[in-house]
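Breakdown of the fold
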Amino acid sequence: MDNSLYSIRMRSSRNERHLSGAEKLASAPRLDALAAAMVRRALEHDKGQAEKIYVTVEKVDAAQVLRVALPDIRTVCAESVEKGRAAALSRLIMAGVSAEAARCAMQAMIAGAAPDGCSMRGAMLVDAVNGQRLENDSQRGVRVSRMDIDDAALCCLQDLLQPAGLDNIHVKEALVLAAKVLHAPGIIAELCWSDDPGYMAGYVAAPRLGYVRFPLLKPLGVEQGGRAFFVDPAINLAKLTDYLERQVVLIDRVGRLLPDERWPA
Ligand code: WAQ
Ligand code: MG
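So, a few notes on the structure that sits alongside this text. Quick caveat, the model's predicted, so the values are computed rather than measured.

What follows covers the coordination of the magnesium ion (ligand 2). The protein atoms that coordinate the magnesium ion (ligand 2) are Asp195 (OD) and Asp196 (OD), at distances spanning 2.2 to 2.3 Å. Here Asp195 matches Asp196 in class, with each residue buried.

It is worth spelling out the nonpolar core at this point. Counting residues in each nonpolar core, the largest one holds 38 residues, and the members touching the most others are Leu175, Tyr203, Phe229, Leu240, Leu244 and Ile251. Those elements that place two or more of their residues in this core are strand S7 (147-149), helix H4 (151-161), helix H5 (169-182), strand S8 (187-193), strand S9 (202-206), strand S11 (226-231), helix H6 (237-246) and strand S12 (249-253). Tallying contributions element by element places H5 first for this core, with nine residues. Filtering out sequence-adjacent residues up to four positions away, Leu240 remains in contact with Leu125, Ala184, Pro185, Ile187, Val231 and Ile235.

The terminal C-alpha atoms of helix H2 (residues 81-94) lie 20 Å apart, and with 14 residues this matches the ideal 20 Å at 1.5 Å per residue to within 8%. Within the span of H2, buried status applies to Val81, Gly84, Arg85, Ala87, Ala88, Leu89, Arg91 and Leu92. After H2 finishes, the residue Gly96 shows a positive phi value of roughly 110°.

Rules behind the numbers
- Residues numbered from 1 in each chain as written.
- Chains lettered and ligands numbered in written order.
- Predicted model: local features only at pLDDT ≥ 70, side-chain atom pairs only at ≥ 80, totals over all residues.
- Heavy atoms only, no water.
- Donors = N, O, S within 2.8 Å, 3.2 Å for Na, K, Ca; no water.
- Buried < 20%, exposed > 50% of the residue type's maximum accessible area, 1.4 Å probe, protein only.
- Core = buried A, V, L, I, M, F, W, Y, C linked by side-chain atoms within 4.5 Å.
- Helix = DSSP H or I, 4+ residues; strand = E, 2+ residues; numbered from the N terminus.
- Contact = heavy atoms within 4.5 Å.
- Expected span 1.5 Å × (residues − 1).

These figures come from the coordinates and say nothing about function on their own.
Printed below as a string of structure tokens:
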């Protein structure tokens, strides 16, 4: 077996509804173990056991891999979901998103951004000035794909996160995804919180701010989560979508873990 690089990804569903997904880049000898772990993960998901599981494996061109660093990480603590959301809105505005666009996108995520009031499979694309939704398919959205962190950087990341109690799969996967998104052309900011009913944290990421976590962006037990990518209105959407879905990105460096803050300050 040679050591060519592959993209391996999983998506699962139940009752025709998206349940979970996962993404890795790996050399051929590791693919079978990763596929098994992904299938297990889909079967043991918090939202229920998957009924359909798709695992896709695809060779990627090693010469096309873009290597980037993780953003700096900081946590902003607020005592309620309302205050957490207000803090996230203020960071989005700091990042260059209009107040109206930030509010519209947050409202859509609270309501469930897909047409049926559920979470989308992927992300909304939102005009950072007027708040208009720009993605072609509001059920699926844009799926960020073909990204991972290399083993050395993952070790550094775990050493950084572990003392802060943040060494969990949600944080690590969200950081990798946000790092890829932050390097996209024309991205102003990202807003995210989980669709897992037991995970209440979310974040705002922006080139100017890094990755800013908010431990409470959603009440316990709620399944509506999502992602909004705020974009410069002058952006070429086809190019951006192609980058998010197809550009292979490997994280090879971590950022810093900055001191916690409180909201209001
Ligand atoms: N591309 C685009 N959007 C996605 C992707 C993807 N690959 N994966 C998930 N989404 C969207 C989709 O709408 C999901 O409903 C939503 O994001 C949330 O996904 O610092 O766990 O995987 O403590 O549930 C953030 C906070 C955790 C971490 C995010 O997201 C922290 C999380 P989930
Ligand atoms: Mg989830």
